[in-house]
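Letter by letter, the chains look like this.
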Amino acid sequence: MIADQLKKAVLQAAIQGKLTEQLPGDGDARELLSEIFAEKERMVKEGKLKKEKPLPPITGYEIPFDIPENWCWVRLGSIISVLGDGIHGTPNYSQKGEYKFINGNNLVDGKIEIKDTTKSVDEGEFVKYKKPLSDKTVLVSINGTLGNVAFYNNEKVILGKSACYFNLLSCISKTYVKYVINSEYFIRYANNKATGTTIKNVSLQAMRNLPFPLPPYASQQKIVDKLNIILPLFLDVKTVEDKLKESQNRLNSL
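Draft legend 1. Quick look at helix α1 (residues 2-15). Spanning 14 residues, α1 covers 20 Å between terminal C-alpha atoms, matching the ideal 20 Å at 1.5 Å per step. For α1, every residue scored as buried is listed here: A3, V10, L11, Q12, A13, A14 and I15. Count one or two residues on from α1 and you reach G17, which has phi positive near 80°.

This is how it looks when you write it as structure tokens:
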């Protein structure tokens, strides 16, 4: 549909730095990256983070498009403190449980969506399987349907294996990250890295190694502000397209 194609084009332009003006006052992503590395070192010294193996450098053939000079390419693993997925198995369900067992299909447009079919577990199962989720957590579906995104907002949940989570470090906009994951760039990357034929699965290593177009924080905010205005317009266009298609189908059936 035209609306979907336009939305994909706008998202791609945004993460390439073509949707917003780049100004000297926006800063440089390399300075932001230095602050992030310093934050990681502090967390290691404080015992809040384990020392990690260095991530492989990004090679030229991995870079899919040009970005502004004050941006830089980084691995996703460089801008997060922790990354993992949910349990690889089935918890003990409880009809009276307060906690919901969610997977990738519960991640819908930035929110965790509890469905009628979503099963519950009790507090014991939650304590057994809980993950270090926080207000900096981004959830991404990596098994089956790829690329659904949600933010954690203190919901009472435990995660299944198709829900990957990672916690962002300071000065990284969750919404900007969401838009990168929503882009055609990420979907192509995920499909290229996925294993399996009937059910595709993206490994945690592939997520950690994702080449990520990082703008300075001011630029992230400008992109988010502009997309928050533009993207809802495509919903109206899509509604019109759906109504036109429905009318055409009715005419064809006469």
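Here the narrative resumes.
Draft legend 2. Inspection of the side chain of E125 at higher detail. By the element assignment, E125 lies in helix α3 (residues 123-129). Of the side chains bearing the opposite charge, K128 lies closest to the buried E125, which forms no salt bridge; the N-O distance is 4.5 Å. A polar side-chain atom of E125 sits 2.8 Å from the main-chain amide nitrogen of N92. For E125, the residues in contact, after removing those within four places along its chain, are P91, N92 and I158.

Draft legend 3. Examining the packing of aromatic side chains more closely. Using the criterion set out here, one finds six aromatic pairs in the structure. A ring pair is formed by F65 and W73, whose centres lie 5.0 Å apart and whose planes are at 55°; its orientation type is tilted. The class of F65 is buried, set by a relative accessible area of 9%. Residue classification places W73 among the buried residues on the basis of a relative accessible area of 15%. An angle of 85° between the planes, with centres 5.5 Å apart, marks the rings of F65 and Y185 as edge-to-face. Note that F65 is positioned in the loop between α2 (29-45) and β1 (72-75) and Y185 in helix α5 (residues 184-193), a separation of 120 residues in sequence. Taken as a pair, F65 and Y185 share a single burial class, namely buried. Each member of the aromatic cluster is reached from another via a ring pair, and the members are F65, W73 and Y185. Sitting over the ring of Y99, K156 keeps its end group 5.8 Å from the ring centre. In this structure, K174 is placed above the aromatic ring of F151, and the distance from its NZ or CZ to the ring centre is 5.0 Å.

How each quantity is defined
Residues numbered from 1 in each chain as written. Predicted model: local features only at pLDDT ≥ 70, side-chain atom pairs only at ≥ 80, totals over all residues. Heavy atoms only, no water. Helix = DSSP H or I, 4+ residues; strand = E, 2+ residues; numbered from the N terminus. Expected span 1.5 Å × (residues − 1). Buried < 20%, exposed > 50% of the residue type's maximum accessible area, 1.4 Å probe, protein only. Lys, Arg positive; Asp, Glu negative; His and termini not counted. Salt bridge = Lys/Arg side-chain N within 4 Å of Asp/Glu carboxyl O. Polar contact = N/O pair within 3.5 Å; in protein donor to acceptor, adjacent residues only side chain to side chain. Contact = heavy atoms within 4.5 Å. Phe/Tyr/Trp six-rings, centres within 6.5 Å; stacked < 30°, edge-to-face > 60°. Lys NZ or Arg CZ within 6 Å of the ring centre and 35° of its normal.

Purely geometric stuff here, so don't read any function into it on its own.
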